[in-house]
Amino acid sequence: MTKSTCGHEYTISLVQLKEERALYQQFCHILTSLLPEVALSFFIRPSLSRKEALKLVYQQHVDQTLPLDEMLEKAQQCRGKPALISKSYTCMPLRLDEQVIGLLWIYQALTPANCNLAAHLMHVFFHQLHTLALARIDPLSQLLNRQTFDEKVLEIASGQGFLQPREELDLRGWYLALFDIDHFKRVNDSFGHVIGDEVILLTAQHLKDNFRAEDYVFRYGGEEFAVLFQAHSDDEAQSLLDRVRKVIGQVAFPQVGRITLSGGYTEVTDVMQVSELVNQADTALYHAKQHGRNQVVFYCTLGLAAPQIMTSDIELF
Ligand SMILES: Nc1nc2c(ncn2[C@@H]2O[C@H](COP(=O)(O)OP(=O)(O)OP(=O)(O)O)[C@@H](O)[C@H]2O)c(=O)[nH]1
């Protein structure tokens with residue numbers, strides 16, 4: 001590394017940041033200023049669940065000359081060691097519960113001192129990222145919370161939140177679904193709130209397990225959940241949501257037995273306000289509730305025209 005430092009000032013600059021994107025940029029900036037001559041690759045993603053750890057492989061990468069699988073395999077090889085140093089690279093894995101959840105790959109053999117500094121900074125970065133991630137979690141369901149929802153919708157609608165496409169030519173669109181547990185009041189009234197809470201928690205887990213790692217599942221309100229997911233077509237979105245609804249409908253919940261879900265969904269387009277989007281999904285959900293529950297309704301099938309701006313009603317002067 002070009003500078004002699006214990007990394008204190010870098011540590012401070014990382015822990016002061018309260019926003020993930022800024023934190024990530026600062027980490028990149030520190031590494032590239034410390035290692036100006038060296039190409040880097042890194043894949044760091046604090047995991048909210050094991051499944052989400054997979055997300056790291058779709059995230060950031062820079063000048064990657066080795067296939068990611070090979071890099072991850074090398075990372076697994078340094079079991080018990082902080083890094084794997086060869087003539088042409090240094091590989092530093094970041095582990096959580098024995099799983100590699102991040103990887104710093106430097107195309108140069110670092111000295112042990114530089115390696116320790118880079119590893120230290122990677123850990124500081126990760127812990128700060130993890131702390132920020134915890135603030136996004138609903139404590140009961142362990143899903144993303146309501147506060148995070150608007151942010152994610154805006155990211156998606158503006159095209160910023162997209163991960164690396166799963167396929168070469170990925171034509172999938174984003175959809176928003178709202179799911180609500182049917183007659184949940186009866187669960188509370190019959191079995192008490194503790195059991196009600198357990199139903200919310202288990203439903204959340206089943207929802208999470210039945211969507212892909214790159215989809216987002218939120219606890220939107222009491223017994224209501226929001227999901228941002230991708231599908232190639234409206235039909236595919238409908239069958240995906242129906243499948244999830246049926247899977248959860250077959251779960252035997254302790255004491256309570258079976259529950260059903262109603263859902264409403266709409267497609268996310270870049271011109272939509274978050275409130276308009278939620279309003280559409282909610283209208284479809286309301287329709288599902290009004291027409292027998294235990295079903296998922298697509299907003300577009302309701303035949304409701306987009307709200308018109310009544311220019312003739314606007315008097316400017
Ligand atoms: N146990 C528990 N109950 C909650 C929580 N949040 C909201 N609720 C309850 O969820 C119930 C929702 O009831 P309603 O809005 O009447 O809806 P519902 O009984 O599910 O009926 P439909 O939605 O029309 O099928 C209320 O009794 C709330 O008190 C929570 O975090 N834990």
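The rules behind these values
- Residues numbered from 1 in each chain as written.
- Predicted model: local features only at pLDDT ≥ 70, side-chain atom pairs only at ≥ 80, totals over all residues.
- Heavy atoms only, no water.
- UniProt positions renumbered as here; feature names shortened; annotations may be inferred.
- Near = heavy atom within 4 Å.
- Polar contact = N/O pair within 3.5 Å; in protein donor to acceptor, adjacent residues only side chain to side chain.
- Areas by Shrake-Rupley, 256 points an atom, 1.4 Å probe, with all protein chains shown as cover.
- Helix = DSSP H or I, 4+ residues; strand = E, 2+ residues; numbered from the N terminus.
- Nonpolar A, V, L, I, M, F, W, Y, C, P; charged D, E, K, R; others polar.
- Core = buried A, V, L, I, M, F, W, Y, C linked by side-chain atoms within 4.5 Å.
- Buried < 20%, exposed > 50% of the residue type's maximum accessible area, 1.4 Å probe, protein only.
- Contact = heavy atoms within 4.5 Å.
- Pairing = 2+ DSSP bridges.
- Right-handed = clockwise from strand over helix to strand, strands pointing away.
- Expected span 1.5 Å × (residues − 1).
- Phe/Tyr/Trp six-rings, centres within 6.5 Å; stacked < 30°, edge-to-face > 60°.
- Axes fitted to C-alpha atoms, helices over the stretch in contact; angles between N-to-C directions.

- Taking an unreviewed UniProt entry as the reference, the protein chain is identified by name as diguanylate cyclase belonging to Pseudoalteromonas viridis.
- UniProt annotates the protein chain under Catalytic activity (unreviewed entry) with the comment "2 GTP = 3',3'-c-di-GMP + 2 diphosphate".

**Brief notes about the site of the ligand**
In step 1: Near the ligand you find 16 residues, and of these His183, Phe184, Asp197, Arg219 and Arg293 are the closest.
In step 2: In the environment of the ligand, an oxygen atom lies 2.7 Å from a nitrogen or oxygen atom belonging to the backbone of phenylalanine 184.
In step 3: In this structure, an oxygen atom belonging to the ligand sits 2.7 Å away from a side-chain N or O atom of arginine 219.
In step 4: Compared with its free state, where it exposes 670 Å², the ligand has 65% of that area covered by protein.
In step 5: Elements supplying a minimum of two residues to the shell around the ligand: strand 5 (173-181), helix 7 (184-191) and helix 8 (193-210).
In step 6: At four residues, the largest contribution of residues to the shell around the ligand is made by helix 8.
In step 7: Class assignment for the residues of the shell around the ligand results in three nonpolar, five polar and eight charged.

**As for the UniProt feature "domain: GGDEF" (unreviewed entry) in the protein chain**
In step 1: The UniProt feature table records "domain: GGDEF" (unreviewed entry) at residues 172-301.
In step 2: Taken end to end, residues 172-301 has its terminal C-alpha atoms 20 Å apart, with 45% of it in helix and 24% in strand.

**Some points on the nonpolar core**
In step 1: Core analysis: the largest hydrophobic core is formed by 31 residues, its most contacted members being Phe179, Phe211 and Phe229.
In step 2: Sequence-distant contacts of phenylalanine 229, defined by excluding residues within four places in its chain, comprise Gly173, Trp174, Tyr175, Ala177, Phe211, Asp215, Ala237, Leu240 and Leu241.
In step 3: Among the nonpolar cores identified, the runner-up in size contains 28 residues, and Tyr24, Cys28, Leu35 and Met122 belong to it.

**A short note on the pairing of strand 8 (residues 261-267)**
In step 1: When you tally the buried positions in strand 8, you get six out of seven residues, the bulk of the element.
In step 2: When strand 5 meets strand 8, the two strands line up antiparallel, connected through seven bridges. Among the inter-strand pairings, isoleucine 181 is bridged to a residue of strand 8, identified as leucine 261.
In step 3: Judged from the three bridges that link them, strand 8 and strand 9 (residues 296-298) form a sheet pairing that is parallel. Bridge pairing links glycine 263 to valine 296 in strand 9.
In step 4: Considered for its hand, the β-α-β crossover made up of strand 8, helix 10 (residues 274-290) and strand 9 is left-handed.

**Quick word on helix 9 (residues 234-249)**
In step 1: Counted at 1.5 Å a residue, the expected span for helix 9 with its 16 residues is 22 Å, and the 22 Å between its end C-alpha atoms agrees.
In step 2: Looking at the buried side of helix 9, the elements it contacts are strand 5, helix 8, strand 7 (224-231), strand 8 and strand 9.

**A few points about the packing of aromatic side chains**
In step 1: On inspection of all chains with the given rule, the structure shows eight aromatic pairs.
In step 2: A ring pair is formed by phenylalanine 27 and phenylalanine 125, whose centres lie 4.2 Å apart and whose planes are at 10 degrees; its orientation type is stacked. Here phenylalanine 125 lies in helix 5 (residues 112-134) and phenylalanine 27 lies in helix 2 (residues 20-34), a separation of 98 residues in the sequence.
In step 3: A relative accessible area of 0% means that phenylalanine 27 is categorised as buried.
In step 4: With relative accessibility at 0%, the residue phenylalanine 125 sits in the buried group.

**A word on the environment of leucine 240**
In step 1: One can find leucine 240 in helix 9.
In step 2: Leucine 240 sits in the buried class, given a relative accessible area of 17%.
In step 3: Expressed as a C-alpha distance, the spacing of leucine 240 and serine 141, which sit 99 residues apart in the sequence, is 22 Å.
In step 4: Contact partners of leucine 240, with chain neighbours within four places excluded, come to Phe211, Phe229 and Gln230.

**Quick word on the sheet that holds strand 8**
Sheet strands pair via backbone hydrogen bonds, and the direction of the pair is either parallel or antiparallel.
In step 1: One open sheet accounts for five strands, arranged 6-7-5-8-9; its pairing is mixed. Each of the sheet's edge strands pairs with one partner strand only, and the pair in question is strand 6 (216-219) and strand 9. Averaged over all neighbouring strand pairs, the angle between strand axes comes to 20 degrees, with direction disregarded.
In step 2: Contacts between helix 8 and the sheet are confined to strand 5, strand 6, strand 7 and strand 8, with strand 7 contributing the most and set at about 0 degrees to the helix.

**Topic: the pairing of strand 5**
In step 1: Of all nine residues that make up strand 5, nine are buried, and the element is covered over most of its length.
In step 2: What you see with strand 5 is no split at all: Gly173, Tyr175, Ala177, Phe179 and Ile181 on one side and Trp174, Leu176, Leu178 and Asp180 on the other are buried throughout.
In step 3: As paired strands, strand 5 and strand 7 are joined by eight bridges and run antiparallel to one another. Bridged to aspartate 180 within strand 7 is glutamate 224.

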